[in-house]
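Structural description and commentary
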Amino acid sequence: MAISQINFNSTSLSSAPAFLVYPNSDQSNMANDETLVFDLEYFDQNTNFASNTFTAPVTGKYLMCVAARIDAVDENASWVRIEMVTSNRSYSPSLVDPGGLGTNDFMSIDFSIIVDMDANDTAVVQAYQVGGTAQTDIVSASTFSGYLVA
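Rules of the game
Residues numbered from 1 in each chain as written. Predicted model: local features only at pLDDT ≥ 70, side-chain atom pairs only at ≥ 80, totals over all residues. Heavy atoms only, no water. Helix = DSSP H or I, 4+ residues; strand = E, 2+ residues; numbered from the N terminus. Buried < 20%, exposed > 50% of the residue type's maximum accessible area, 1.4 Å probe, protein only. Contact = heavy atoms within 4.5 Å. Pairing = 2+ DSSP bridges. pLDDT = per-residue confidence, 0-100. Core = buried A, V, L, I, M, F, W, Y, C linked by side-chain atoms within 4.5 Å. 1 Å grid on protein atoms, 1.4 Å probe; cavity = no way out; pocket = protein on both sides within 12 Å on 5 of 7 lines; lining within 4 Å. Points joined across faces, edges and corners; volume = space filled by probe spheres on them. Nonpolar A, V, L, I, M, F, W, Y, C, P; charged D, E, K, R; others polar. Patch = residues over 30% accessible without salt bridge, like charges linked within 9 Å, V, L, I, M, F, W, Y side chains within 5 Å. Areas by Shrake-Rupley, 256 points an atom, 1.4 Å probe, with all protein chains shown as cover. Salt bridge = Lys/Arg side-chain N within 4 Å of Asp/Glu carboxyl O. Phe/Tyr/Trp six-rings, centres within 6.5 Å; stacked < 30°, edge-to-face > 60°.

With respect to the overall build of the protein chain
When helices and strands are counted, the protein chain shows one helix and 13 strands. The order of α-helices and β-strands along the protein chain, N terminus first, is α-β-β-β-β-β-β-β-β-β-β-β-β-β. In the protein chain, buried positions account for 39% of the 150 residues. Taking the intrachain contacts of the protein chain between residues at least 6 apart in sequence as the baseline, contacts between residues at least 24 apart amount to 76%.

A short note on the pairing of strand S1 (residues 18–22)
Both S1 and strand S3 (residues 40–45) contribute to a ladder of five bridges, which runs antiparallel. Residue pairing for S3: Phe19 is matched across the bridge by Asp44. Where S1 and strand S13 (residues 143–148) come together, four bridges link them in antiparallel fashion. Looking at S13, one finds that Phe19 is bridged to Gly146.

Comments concerning the confidence of the model for the protein chain
Here the protein chain shows a mean pLDDT of 86. Residues at 70 or above account for 87%. Throughout residues 1–8 the model reports pLDDT below 50, and contacts reaching past four residues in sequence, or to other chains, amount to two contacts.

Section: the pairing of S13
Sheet topology note: the strand S6 (residues 60–71)/S13 ladder contains six bridges and is antiparallel. Across the sheet, residue Tyr62 finds its bridge partner in S13, namely Leu148.

Comments concerning the nonpolar core
Counting 29 residues, the largest nonpolar core has Phe54, Met64, Ile70, Ile82, Met84, Met117 and Phe144 as its most contacted members. For this core, the elements supplying multiple residues, two or more each, are S1, S6, strand S7 (79–86), strand S10 (106–117) and strand S11 (122–130). Residues within four places of Met84 in sequence aside, it is in contact with Met64, Arg89, Ser90, Tyr91, Phe111, Ile113, Val115, Ala123, Val124, Val125 and Phe144.

Focus on empty space enclosed by the protein
As enumerated under the stated definition, the model contains one cavity of 30 Å³ or more in all. Taken as a whole, the largest cavity holds about 60 Å³ of empty space. If you go around the largest cavity, the residues you meet are Met30, Ala31, Asn32, Ile70, Val80, Arg81, Ile82, Ala127, Tyr128, Gln129, Thr136 and Ile138. Those elements giving two or more residues to the lining of the largest cavity turn out to be S7 and S11. Here the lining of the largest cavity is composed, by residue class, of eight nonpolar, three polar and one charged.

Some points on a nonpolar patch on the surface
Side chains of Ile114, Tyr147 and Val149 sit close together on the surface and give an oily, nonpolar patch of about 280 Å² of accessible area. For Val149, the location among the structural elements is in the segment after S13. Overall, Val149 belongs to the partly exposed group, its relative accessible area being 38%.

Remarks on the packing of aromatic side chains
According to the stated counting rule, one finds seven aromatic pairs in the structure shown. Ring geometry for Phe19 and Phe49: centres 5.2 Å apart, planes at 25°, overall stacked. Within this pair, whereas Phe19 is found in strand S1, its partner Phe49 is found in strand S4 (residues 49–50), the two being separated by 30 residues in sequence. Across the pair, exposure class does not vary: Phe19 and Phe49 are buried alike.

So, in structure tokens, the structure goes:
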């Protein structure tokens, strides 16, 4: 179907769940399995994001995006990852070996993925680090976003 043939209904687009959130401040010394705090909103269409958690209002496919700026990763850590955990499964497409970085260096772990969610399923973002000192900081420039695509 050509783009010119698609009939967009502005009412359905404006009522579709969509959010873009970010931390109010840096999170210092992250521990394993720690949920990232996203306590400020650029927008939260239909108010489906609360307490660091997106709750799907309807069954469908959701495009979810994570952009995590990470500072002060211990160079002795075996690996670091950012994971999106949903009710159905976990997604962690990026695994970073910080060896070779200085302790005060920074990195970004970003990913986008379309996930299948049922009504009332939830999604959160968590940080993991194996080895080294728990000194990793998640910077307030990080974001978590999503919207219903199908």
